[in-house]
Amino acid sequence: MQDDTAFRQETRTWLAANCPASMRSYMPVGETCSGGRHFQFISDDQKVWMQRMAERGWTAPTWPTEYGGGGLTKQHAKILHDELNAITARSPLTSMGLSMIGPALLEFGSEELKQQHLPAIVRGDIRWCQGYSEPNAGSDLAGLQAKAEDRGDHFIVNGQKVWTTYADKADWMFCLVRTDLNSAKHSGISLVLFDMTTPGVSARPILLISGSSPFCETFLDDVRVEKNQVVGDINAGWSIAKYLLTHEREMIGGIGSTTAQKTVGARAIDAVGLREGRLADEILRGEVADWEIDFMSHQLTTERVRDESTSSSLGNASAMLKLYGTELNKRRCELLLALEGLDAMRWDESSEARLWLRSKGNSIEGGTSEIQLNIIAKRILGLG
Amino acid sequence: MMKLVLDNEERMVRDSAELFLTDTAGPSLLREVRDSGNPLGYAEPLWQQMIDLGWPGILVPEEFDGLGFSQVAMGQIMEQAGMSLASSPLFSTAVLGATALTFAGNQQQKTEFLPKIAAGDLTFALAVDETARHNADHIRTVANKTDQGYSLTGSKCFVVNGQSADMLIVAARTSGSDTDKNGISLFIIASESAGIESVTTSMMDSRPVATIHLKNVHADESQRLGALDQGGATLAHLLTVANVHLTAELLGISGECFKRTLAYLKDRKQFGVAIGSFQALQHRAALLWVEIELCKSGVIKALRALDAEDKDAALLASAIKVKACKTAELATNEAIQMHGGIGMTDAFDVGFFIKRARVAQMLFGDCRYHLNKFAEYSGY
Ligand SMILES: Cc1cc2nc3c(=O)[nH]c(=O)nc-3n(C[C@H](O)[C@H](O)[C@H](O)COP(=O)(O)OP(=O)(O)OC[C@H]3O[C@@H](n4cnc5c(N)ncnc54)[C@H](O)[C@@H]3O)c2cc1C
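Just so we're clear, the structure is a prediction, and the values are computed from it rather than from any experiment.

What counts, and where the lines are drawn
- Residues numbered from 1 in each chain as written.
- Chains lettered and ligands numbered in written order.
- Predicted model: local features only at pLDDT ≥ 70, side-chain atom pairs only at ≥ 80, totals over all residues.
- Heavy atoms only, no water.
- Helix = DSSP H or I, 4+ residues; strand = E, 2+ residues; numbered from the N terminus.
- Rg over C-alpha atoms; globule rule 2.2 N^0.38 Å.
- Buried < 20%, exposed > 50% of the residue type's maximum accessible area, 1.4 Å probe, protein only.
- Contact = heavy atoms within 4.5 Å.
- Expected span 1.5 Å × (residues − 1).
- Bend = angle between axes of the 7 residues up to and from the residue.
- Buried area = accessible area lost by both parts, 1.4 Å probe.
- Salt bridge = Lys/Arg side-chain N within 4 Å of Asp/Glu carboxyl O.
- Polar contact = N/O pair within 3.5 Å; in protein donor to acceptor, adjacent residues only side chain to side chain.
- Nonpolar A, V, L, I, M, F, W, Y, C, P; charged D, E, K, R; others polar.
- Domains from an automatic or database assignment.
- Phe/Tyr/Trp six-rings, centres within 6.5 Å; stacked < 30°, edge-to-face > 60°.
- Near = heavy atom within 4 Å.
- Areas by Shrake-Rupley, 256 points an atom, 1.4 Å probe, with all protein chains shown as cover.
- Axes fitted to C-alpha atoms, helices over the stretch in contact; angles between N-to-C directions.
- Parallel < 35°, antiparallel > 145°, perpendicular 65-115°, else oblique.
- Pairing = 2+ DSSP bridges.

(A) Quick look at the overall build of chain B. Tallying secondary structure elements over chain B gives 11 helices and 10 strands in all. At 21 Å, chain B has a C-alpha radius of gyration in line with the 21 Å of a compact globule built from 380 residues. Counting only C-alpha atoms, chain B reaches 80 × 50 × 40 Å along its principal axes. Among the 380 residues that make up chain B, the fraction classed as buried is 60%. At a minimum sequence separation of 6, the contacts of chain B that also span at least 24 residues come to 75%.

This is the structure in structure tokens:
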């Protein structure tokens, strides 16, 4: 194993040579690289940056090299992360493949599924979406009704999913379906994978209050799903689904800090100005400092929890990170709105207001704040 | 004694406003205005019906053909306008325009403008702000003395109804430096005057505002509203009145969001029961209800203080603006959160409420601005 200092030095040198200049800047809204068959790169630099990182497996730094990953230890992944931040490098690839279905496949997938799907995720070839929620199964996810009928070597799936983020842009879906209608609520669920071009799959975008349409209603009518596309055992999908959620929650919990961005403090100075070295509005000054301290505390806690963790998932601690991280991001957006005043409330494409509105969903998606609190109370504190 | 309940006349205004606006306005009307790209930001038929009801004349004294009702009465309409998201020139014309003229106008100005306001023949807009965060002490627009009167130069931003109003009330500096409290004068300027360029800005609450550039705009002595250099006091009063009415609107928004959320808590089922049966949500709903009750008391108190010309009206206005902003922030955020995914969709109306709430919160000073003001008035 290479020592940390040598790895840091080598990483720094490689990044200096390989990260295009235009990818070393704060990422504006809507310039995330999501990959996938139909992805429109905003620039050649964006494409080159994703490809170079993918070649080293650094889009998925800790995944095993046999599936295209970087094979880095946690410690080295952290160094890489620090070095990327040091040059305000944009994330080369952000996807549900990397943060959600990938980790679940690594833990529960058959060798065949790993070989089929993981390298394509690392390379950014295939973009995934999450078919969990249904109109009557939100917080009560296990109440889902989409059903898969056994037809020997395949299933026929019928049902409706909702709030499916980027179902209209994704190439594949990981989807929860009921494979046994007669067993208890949490049994009889399976996690299945299918191509979004399979006949019978249709997605209708839903307009959000922010004015964009990232999520969809997804209809599944007689969709054929091969049996080898079941992750883990048939009827054992619930625990896999929950495992996947711990990764989703860890990812969403980092929402305010995943991409390099200007600090709230710096933006406050830009917007409100200083008077004798102090932010010109006393109240805002306190609020900004308070937020920055909470943000730092959340960052440190994320780091500590990761350092402490010995398994592939943060488990119930992900509920804490998700809860606090999303509430923080909502507060951040409210603060930025307050800092920039009516300017932030103009309704144009790059308006701060759109980000602020979108942030309201952070404490809903991936399990609401209330559900995270329930998890902490029940599973960590042993209440109820 | 000033009672914190409505008298008969005020209740009558409230009831008719509720009846009319529930029927005629509502989020669907604002949605129509937005989706049709209507540059006015309001539906003209709605405004016409308000005129037919006599609303523009509510605050106009009877001797000038108005109804001469109380600020409390007007506040009831503002609250209902909040609940129904009714967008119209009512606030800028019937509250700000009428108050400015009644408070500071000379006999000739009152005679010329007030009957026209009451009849709905003339709309007004208040052009004061020059920064994205309200700062009434910062006025850089100048009115230089000329042989024939004044010449105004400067820029005003986020002028509510500025793109559609017939007349502007412009705050300009006639002496002193940019941030002096003294040396401000107010002018009544026709929006069609030579030298005025108005640029419309779309806002997230679907009510566009105007940036108004003035370049050597001429004003006669007769267009000056109130004493020379003494406009600061009038402006302060106008802003107090403006903020009190905005709190009435914010109270309406909070109340309506609460009502809708409460209904959803009873209706939506998860885990086989209504989500309102979860104590975690019950307590938050109960807390929100308490906050709205507190807000209600402050709003009527501040409205009564305006009618009584109470010397503490400005302090009360700042106090209740803080309360109303915080309550509206809570109510709108909780409304989305407790609705789950559906709360994030444009098809569902709560988005219109939260967008309007933040703009109304920010207009003429948000809760931070008024916290500072309140502390200042309180001597600490
Ligand atoms: C922006 C966004 C993106 C999303 N993307 C996806 C996606 O890609 N794929 C996907 O499958 N889903 C997605 N979702 C759906 C999301 O997971 C659900 O919205 C969420 O789980 C809540 O479900 P619901 O909307 O049905 O709300 P409900 O479950 O109906 O909740 C309504 C309210 O009741 C509260 N509540 C419910 N049960 C309890 C309880 N026991 N105790 C206390 N309070 C309770 C909730 O916290 C909430 O405040 C997305 C949602 C959003 C907002």
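(B) Spatial organisation of helix α4 (residues 96-108) of chain A. Residue and element names in this part refer to chain A. For α4, which comprises 13 residues, the first-to-last C-alpha distance of 17 Å matches the rise-based estimate of 18 Å (1.5 Å per residue) to within 8%. Of all the bends in α4, the largest measures some 40° and sits at G102, one to four residues before the proline P103. The element α4 is largely enclosed, with a buried count of 10 among its 13 residues. When α4 is considered as a whole, its buried residues turn out to be M96, G97, L98, S99, M100, I101, G102, P103, A104 and L105.

(C) Examining the interface of chain A and chain B more closely. Contacts between the two partners involve 43 residues from chain A, matched on the other side by 36 residues from chain B. In total, chain A and chain B occlude about 3300 Å² of area from one another, counting both sides; carbon and sulfur atoms represent 64% of this. Counting the surface chain A buries against chain B, the share from its top three residues, I209, L342 and M345 of chain A, is 22%. Across the contact surface, chain A and chain B share 4 salt bridges. Of the charged contacts in the structure, one is a salt bridge between R358 of chain B and E334 of chain A, with a shortest N-O distance of 2.8 Å. At the boundary of chain A with chain B, the tally comes to 21 residue pairs in polar contact (both at pLDDT 80 or more). Mapped onto the side of chain A that touches chain B, the elements with two or more residues apiece are α8 (282-308), α9 (317-340), α10 (352-359) and α11 (369-380) of chain A. It is α9 of chain A that provides the largest number of residues to the side of chain A that touches chain B, a total of 6 residues. Residue classes in the side of chain A that touches chain B are distributed as 22 nonpolar, 8 polar and 13 charged.

(D) Seen up close, the domain arrangement of chain A. All names here are of chain A. Once the domains are mapped, chain A shows domain 1 (4-94), domain 2 (126-235) and domain 3 (254-380). Computed from C-alpha coordinates alone, the two centres of domain 1 and domain 2 are separated by 31 Å. In this complex, domain 1 contributes 6 residues to the contact, which on the side of domain 2 involves 6 residues. Looking at the side of domain 1 facing domain 2, the largest losses of area belong to S34, G36 and R37, adding up to 80% of the total buried there. R37 is the salt-bridge partner of D195, the closest N and O atoms lying 2.8 Å from each other. There are 2 residue pairs in polar contact (both at pLDDT 80 or more) connecting domain 1 and domain 2. Residue composition of the side of domain 1 that touches domain 2, grouped by class: 1 nonpolar, 4 polar and 1 charged.

(E) Structural detail: the pattern of salt bridges. Inspection of the entire model under this criterion finds 56 salt bridges over all chains. Counted as one network, the salt bridges with shared partners bring together R31, R34, D35, E256, K259, R260, D346 and D349 of chain B.

(F) Region of the structure containing the packing of aromatic side chains. All names here are of chain A. Using the criterion set out here, one finds 13 aromatic pairs over all chains in the structure. Measuring from centroid to centroid gives 6.2 Å for F7 and W58, while their planes differ by 70°, and the two rings are edge-to-face. With F7 in helix α1 (residues 4-18) and W58 in the loop between α2 (44-55) and α3 (74-86), this residue pair connects regions lying 51 residues apart in the sequence. Since its relative accessible area comes to 4%, F7 is described here as buried. The class for W58 is buried, based on a relative accessible area of 7%. Relative to Y243, the ring of F108 has its centre 5.3 Å away and its plane inclined at 85°; by these criteria the two rings are edge-to-face. With F108 in helix α4 and Y243 in helix α6 (residues 237-253), this residue pair connects regions lying 135 residues apart in the sequence. Among the aromatic side chains, those forming a connected cluster through ring pairs are W128, Y132, W172 and F174.

(G) Layout of the site of the ligand. Around the ligand there are 27 residues in total, and S133, S139, W163 and T368 of chain A together with R268 of chain B lie nearest to it. Interatomic distance of 3.3 Å between a side-chain N/O atom of N374 of chain A and a nitrogen atom of the ligand. Taken by itself the ligand offers 970 Å² of open surface, and the protein chains cover 96% of this. Of all the secondary-structure elements, those providing two or more residues to the shell around the ligand are β3 (154-165) and α11 of chain A together with α9 (313-339) of chain B.

(H) Examining the packing of α8 of chain A against helix α11 (residues 367-377) of chain B more closely. Close contact between α8 of chain A and α11 of chain B brings their axes to 8 Å; oriented N to C, the two are set at 125°. By the angle between their directions, the pair α8 of chain A and α11 of chain B is classed as oblique. Contact residues: α8 of chain A offers E282, I283, L284 and E287 of chain A, while α11 of chain B offers R368, L371 and N372 of chain B. The class makeup of the residues in the contact of α8 of chain A with α11 of chain B is 3 nonpolar, 1 polar and 3 charged.

(I) Local environment of the pairing of strand β7 (residues 215-226) of chain A. Residue and element names in this part refer to chain A. Strand direction decides the pairing type here: β3 and β7, joined by 10 bridges, are antiparallel. Bridging across to β7, G159 finds its partner in L220. Note that strand β6 (residues 201-206) and β7 share 6 bridges and pair antiparallel. Among the inter-strand pairings, R204 is bridged to a residue of β7, identified as E217.

(J) Seen up close, the domain arrangement of chain B. Residues and elements named next belong to chain B. Looking at the assigned domains, one finds that chain B contains domain 1 (8-122), domain 2 (126-229) and domain 3 (233-377). Distance from the C-alpha centre of domain 2 to the C-alpha centre of domain 3: 30 Å. Per-residue buried area on domain 2 facing domain 3 is highest for H134, M204 and D205; these three make up 36% of the total on that side. Inspection of the domain 2/domain 3 interface yields 3 salt bridges. Linking domain 2 with domain 3 are 1 residue pair in polar contact (both at pLDDT 80 or more), by the criterion used here. Residues that form the side of domain 2 that touches domain 3 fall into these classes: 9 nonpolar, 3 polar and 5 charged.

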